[in-house]
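Below are the chains, spelled out letter by letter.
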Amino acid sequence: MARSTMKATAQGALVIKRSKIAGRGGFAGRTIKKGERLIEYVGERISHAVADDRYDDASMRRHHTFLFAVNRRVVIDGAVNGNESRWLNHACDPNCEAVIEKSRVFIEAKRDIRTGEELCYDYAFERDGSETDEDVFQLYGCKCGAKSCRGTILAPMKKAKSKKKAKAKTKSKAKTKAKTKAKAKK
Ligand SMILES: [Zn+2]
């Protein structure tokens, strides 16, 4: 079932290096045309239940998993057998977008992109309704620098689509109090 990560990446489009936004990021290795499919978001395909067991957002100071919620059944964990796509950062006014096709996820250019630009897409993490302001702006905080930055990588209130997966914290409320030490992002 392993999908080739070579084929999943557009030739020369993506360079991974340190990002001002967060940790590592993906940058345009050449000019990219609007609509170009750059890379497939791959990784282990697991259920939401397995993803919830695997990662505990409440134990993180800043959210940093490589989960992508494809639909109600499938979550892709880019940390397992993933490719460079997992390094793409969130931005509130991004130059790329995640397109879901037959439960596969592809990152495509939303506009023409110059060589060297950081490639980002809107994670629009799903909310589960239990997020506090602290969660929204710290755990899931955004510092993308866009004029329209909404300050969080969570989906805008109403519009919440199931894209990237923000794990429900309801299950781990007790652990939140204990506040385990922060893990470094990436
Ligand atoms: Zn932002």
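These remarks concern the structure in this document.

Basis of the calculations
Going along each chain's sequence as written, the residues are numbered from 1 onward. Only residues with pLDDT of at least 70 get local features here, since the model is predicted, and only at 80 or more are side-chain atom pairs given and counted; chain-wide, interface and lining totals rely on the full set of residues. By the criteria applied, helices consist of DSSP H or I runs no shorter than four residues and strands consist of E runs no shorter than two, each listed in order from the N terminus. Counting other C-beta atoms within 10 Å of a residue's C-beta gives its exposure: the residue is buried at 20 or more, exposed at 12 or fewer, and partly exposed in between, where C-beta atoms are placed from the backbone. A pair of residues counts as a contact when their C-beta atoms, built from backbone coordinates, are within 7 Å of each other. At least two bridges found by DSSP between two strands is the condition for calling them paired. Every axis corresponds to a line fitted to the C-alpha atoms, with the helix fit spanning only the stretch in contact, and the corresponding angles, defined between N-to-C directions, vary from 0 to 180 degrees.

Okay, the overall build of the protein chain next. Scanning the protein chain from N- to C-terminus turns up three helices and ten strands. Counting from the amino terminus, helix and strand elements in the protein chain follow one another as β-β-β-β-α-β-β-β-β-β-β-α-α. When burial is assessed residue by residue, the protein chain has 35% of its 186 residues classed as buried. Nonlocal contacts in the protein chain, meaning residues at least 24 apart in sequence, comprise 75% of its contacts between residues at least 6 apart.

Here three strands make up an open sheet; going across it, the order is E3-E9-E8 and the pairing antiparallel. A single partner strand is all that each edge strand has here, and the edge strands are strand E3 (37-41) and strand E8 (96-101). Going from strand to strand, the sheet's axes swing by 30° on average, the running direction of each strand aside. For E8 and strand E9 (residues 104-109), the ladder comprises six bridges, and the chain directions are antiparallel.

Another point: the sheet that holds strand E7 (residues 89-90). Strand order in the open sheet made by the four strands is E1-E2-E10-E7, with mixed pairing throughout. The open sheet has two free edges, formed respectively by strand E1 (14-18) and E7, since each of these has just one partner strand. Relative to strand E10 (residues 118-121), E7 runs parallel, the two being bridged by two bridges. What sits directly across from His90, in E10, is Tyr121.

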